[in-house]
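Examination of the molecular architecture
Each chain, written out:
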Amino acid sequence: MTLNTQREKEPLRRRGSTPIPPLYQHPSWPQDPRTLGGAQPDPEQPRPQRSHPPLGQSASYHPGDTSLHYRAQWSSESDDDSQSDSDCVYRVVLLGDHGVGKTSLAGIFAGITEKDEQPGEDTYERTLTVDGEETTLIVMDTWENDKLEGEAASSHNDCLKVGSAYVIVYSVTDRSSFDSAAELRITLRRTRQAENLPIILVGNKSDLVRSREVTVEEGRACAIVFDCKFIETSASLQHNVSELFEGVVRQIRLRRDGSEAVQRRHSIYKRKESVTQKARRFLDRLVARNNQRMAVKVRSKSCHDLAVL
Ligand SMILES: Nc1nc2c(ncn2[C@@H]2O[C@H](COP(=O)(O)OP(=O)(O)OP(=O)(O)O)[C@@H](O)[C@H]2O)c(=O)[nH]1
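Because the structure is predicted, anything quoted here is derived from the model rather than measured.

Structurally, Ser177 is set in helix 3 (residues 175-191). In terms of polar contacts, Ser177 uses its side chain to reach the backbone carbonyl oxygen of Asp174, at 2.7 Å. Excluding residues within four positions of it along the chain, Ser177 makes contact with Asp97, Val100, Tyr170 and Ser171.

If you want it as structure tokens, here you go:
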């Protein structure tokens, strides 16, 4: 399947005018230890440029921009300052229970503070330069985990249909949110059966060591069973958040490039394939099925590596 379809590149572009502070700091979080003792920015001073260091060097602030959507750039390369728009635009849907940190993660992605948040703001657009290539992600924090009816239920279902990639978040301090994450994975598989979508299981709040209820091993095991990627993050410390979103981009690209290559190979193959080749392909598939145990082993080694399939 080709993920980079025209339909997926449709609208959802709103722009925002909120200046970005150096660090996303939720009022209820403990102070980031990296900022302790450091010089604090003067809130009275106008900030000439939007900046949020942990997520890259190419963040840009549009002072004249008055519409709603948050839009920015970051780069995984330190010297890339490109501001041009990308053709590659993908929707990433955040799923998970209440209070697991979806909005906090989205806020860091967008580079906004809680006080800068606008009511009803739940879609954030940002251009990332990852491995030298630009990709725009539209992160949707629109999921409501309640049992809904009527119009609300249908928009609920839409969430499961519109994503090019999914980030399923649980809190490592809340076992029931971990169980919900597994259920969400099953629901997603049911809704998007035929598609090989990038899905990343995220154990957030890894900074809350003492109240941890779900171990890293459990998170990883769940990702292996449900065939998705896995990462632990801390929105409060901004730990692994850029790795998460850059990983999303890499996972999308791996599938896009893979499916293009497969399609190309398939059409050439179809034209040229002889009976012997067909027989060989059949045998290969048979062997592959017998090697499923080996595949699980390989997956268990790579489920935390967001740069490989
Ligand atoms: N210590 C800690 N607290 C966090 C972290 N991420 C989020 N929180 C806190 O958890 C609470 C809920 O965070 P939100 O980002 O609003 O969670 P949510 O999943 O968007 O919740 P809903 O909007 O209700 O679905 C807030 O008080 C955050 O400050 C984290 O990584 N560490």
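The interhelical angle for the contact between helix 3 and helix 4 (residues 216-225), taken along N-to-C directions, is 10°, at an axis separation of 11 Å. When the interaxial angle is binned, helix 3 and helix 4 end up roughly parallel. Note on element contacts: helix 4 touches helix 3 through Glu218, Gly219 and Cys222, opposite Arg175, Phe178 and Ala182. Considering only residue class, the contact of helix 3 with helix 4 consists of 3 nonpolar, 1 polar and 2 charged.

Applying the stated rule across the entire model yields 2 aromatic pairs. Relative to Phe245, the ring of Phe109 lies with its centre 4.7 Å away and its plane at 45°, an arrangement referred to as tilted. Here Phe109, found in helix 1 (residues 102-110), pairs with Phe245, found in helix 5 (residues 241-272); they are 136 residues apart in sequence, far enough to count as distant. For the pair formed by Phe109 and Phe245, the shared burial category is buried.

What follows deals with the nonpolar core. Residues Leu137, Val139, Val167, Val202, Leu244, Phe245 and Val248 are the most contacted members of the largest nonpolar core, which totals 30 residues. The contacts of Val139, once residues within four sequence positions are left out, are Val92, Leu94, Ala106, Phe109, Asp122, Thr123, Tyr124 and Phe245. Counting 28 residues, the second-largest nonpolar core is a separate cluster that includes Val93, Val172, Phe178 and Leu201.

What follows covers the pairing of strand 6 (residues 199-204). The buried fraction of strand 6 amounts to 6 of the 6 residues, a majority that puts the element mostly inside the structure. Residues Ile199, Leu201 and Gly203 line one face of strand 6 and the alternating positions Ile200, Val202 and Asn204 line the opposite face, and both faces are buried. Alignment of strand 5 (residues 165-171) against strand 6, held across 6 bridges, turns out to be parallel. Bridge pairing in strand 6 places Tyr170 opposite Gly203. Each parallel crossover has a hand, and for strand 5 linked through helix 3 to strand 6 it is right-handed.

Further remarks concern the side chain of Gln251. By the element assignment, Gln251 lies in helix 5. Here Leu306 takes part through its backbone oxygen, which lies 2.8 Å from a polar atom of the side chain of Gln251. In this structure Gln251 touches Pro198, Ile200, Lys229, Asp305, Leu306, Ala307, Val308 and Leu309, once residues within four positions along its chain are discounted.

Turning next to the confidence of the model for the protein chain. Per-residue confidence for the protein chain gives a mean pLDDT of 73, with 55% of residues at or over 70. Of the regions scoring below 50 in pLDDT, residues 1-41 engages in 123 contacts with residues more than four places distant in sequence or in other chains. pLDDT under 50 marks residues 45-69. Its contacts with residues more than four places away, or in other chains, come to 87 contacts. Here the predicted complex carries an ipTM of 0.99, next to a pTM of 0.68.

Conventions used here
Residues numbered from 1 in each chain as written. Predicted model: local features only at pLDDT ≥ 70, side-chain atom pairs only at ≥ 80, totals over all residues. Heavy atoms only, no water. Helix = DSSP H or I, 4+ residues; strand = E, 2+ residues; numbered from the N terminus. Polar contact = N/O pair within 3.5 Å; in protein donor to acceptor, adjacent residues only side chain to side chain. Contact = heavy atoms within 4.5 Å. Axes fitted to C-alpha atoms, helices over the stretch in contact; angles between N-to-C directions. Parallel < 35°, antiparallel > 145°, perpendicular 65-115°, else oblique. Nonpolar A, V, L, I, M, F, W, Y, C, P; charged D, E, K, R; others polar. Phe/Tyr/Trp six-rings, centres within 6.5 Å; stacked < 30°, edge-to-face > 60°. Buried < 20%, exposed > 50% of the residue type's maximum accessible area, 1.4 Å probe, protein only. Core = buried A, V, L, I, M, F, W, Y, C linked by side-chain atoms within 4.5 Å. Pairing = 2+ DSSP bridges. Right-handed = clockwise from strand over helix to strand, strands pointing away. pLDDT = per-residue confidence, 0-100.

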